[in-house]
Amino acid sequence: MADIEGFPPIVSGGAQVLILGSMPSEVSLLKQQYYGHPSNAFWPIMGALFGAFPNLSYERRKAILLENKVAVWDVLQSCQRHGSLDSNIAWASIRTNDFVSFFAEYKFIRRVFFNGGMAEKVYKKHILPGLDQRFAYLEYQRLPSTSPAHASLNLAQKIEAWKVIRQPVVK
């Protein structure tokens, strides 16, 4: 298995919310776009919440997220994986992104939302123990995965659950 490299973050200096996935799918890697699989609910959800609809260009969708102070990244910088499923990630191969530097640079981020369980699991195991008290203000919440592999909720239910990312940052 070869190493799979993730993408740089979609982020601007004014970002207040960070959405974290685990690692781009094979389709996303081919398209060089976050959540590039047409069956992934991420962009339909972002369309419902912010107007970043899937039929817009990828550059426009990213710009809309940034206008709404939303950043997107993945917990993993690289890993080895067969196919696209998180369950196929070889745990011994994972390398995480540098969140200490990220949060130091993007100081307005206050809330971190996990796009599914794998991102949360890896973050809590590999990232959270290394964050010092400077970042104790961060709030965390797991949201239902937008992956087509997780179909326990329909799109309307996922949109309802994801509305929390629009709530104003309090701290």
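Keep in mind it's a predicted model, so treat the numbers as computed, not measured. (Residues numbered from 1 in each chain as written. Predicted model: local features only at pLDDT ≥ 70, side-chain atom pairs only at ≥ 80, totals over all residues. Heavy atoms only, no water.)

Undergrad: Describe in detail the overall build of the chain, supporting the description with residues and values.
TA: From N to C terminus, the chain includes 6 helices and 7 strands. Seen in sequence order, the chain has helices and strands lined up from the N terminus as β-β-α-α-α-β-β-β-α-β-α-β-α. For the chain, contacts bridging at least 24 residues in sequence account for 70% of all contacts bridging at least 6. Here the chain has roughly 8500 Å² of accessible surface; of this, 53% comes from carbon and sulfur atoms. (Helix = DSSP H or I, 4+ residues; strand = E, 2+ residues; numbered from the N terminus. Contact = heavy atoms within 4.5 Å. Areas by Shrake-Rupley, 256 points an atom, 1.4 Å probe, with all protein chains shown as cover.)

Undergrad: Describe the pairing of strand S7 (residues 139-143), naming the residues involved and giving the relevant values.
TA: In the sheet, strand S6 (residues 111-115) pairs with S7 via 5 bridges, with the strands oriented parallel. When the sheet's bridge partners are listed, Arg-111 is paired in S7 with Glu-139. Between the parallel pair S6 and S7, the chain is carried across by helix H5 (residues 117-127), and the sense of this crossover is right-handed. (Pairing = 2+ DSSP bridges. Right-handed = clockwise from strand over helix to strand, strands pointing away.)

Undergrad: Go over the side chain of Arg-111 with me, naming the residues and quoting the values.
TA: For Arg-111, the location among the structural elements is in strand S6. Nearest to the buried, unbridged Arg-111 among oppositely charged side chains is Glu-139, at 5.1 Å. Within polar-contact distance, the side chain of Arg-111 engages the backbone oxygen of Gln-167 at 2.4 Å. (Buried < 20%, exposed > 50% of the residue type's maximum accessible area, 1.4 Å probe, protein only. Lys, Arg positive; Asp, Glu negative; His and termini not counted. Salt bridge = Lys/Arg side-chain N within 4 Å of Asp/Glu carboxyl O. Polar contact = N/O pair within 3.5 Å; in protein donor to acceptor, adjacent residues only side chain to side chain.)

Undergrad: Account for the environment of Pro-38, with residues named and values stated.
TA: Following the sequence through the fold, Pro-38 ends up in the loop between helix H1 (26-31) and helix H2 (42-50). Exposure remark for Pro-38: the relative accessible area of 68% places this residue in the exposed category. Separated by 110 residues in the primary sequence, Pro-38 and Pro-148 place their C-alpha atoms 9.1 Å from one another.

Undergrad: Go over the sheet that holds S6 with me, naming the residues and quoting the values.
TA: Pairing within the open sheet is parallel, and its 4 strands lie in the order S3-S2-S6-S7. Lying at the two open borders of the sheet, with one neighbouring strand each, are strand S3 (70-74) and S7. Between one strand and the next, the sheet's axes are offset by a mean angle of 25 degrees, whatever the strand orientation. Here strand S2 (residues 17-21) pairs with S3 via 5 bridges, running parallel. Across the sheet, the residue bridging to Val-17 is Val-70, located in S3. (Axes fitted to C-alpha atoms, helices over the stretch in contact; angles between N-to-C directions.)

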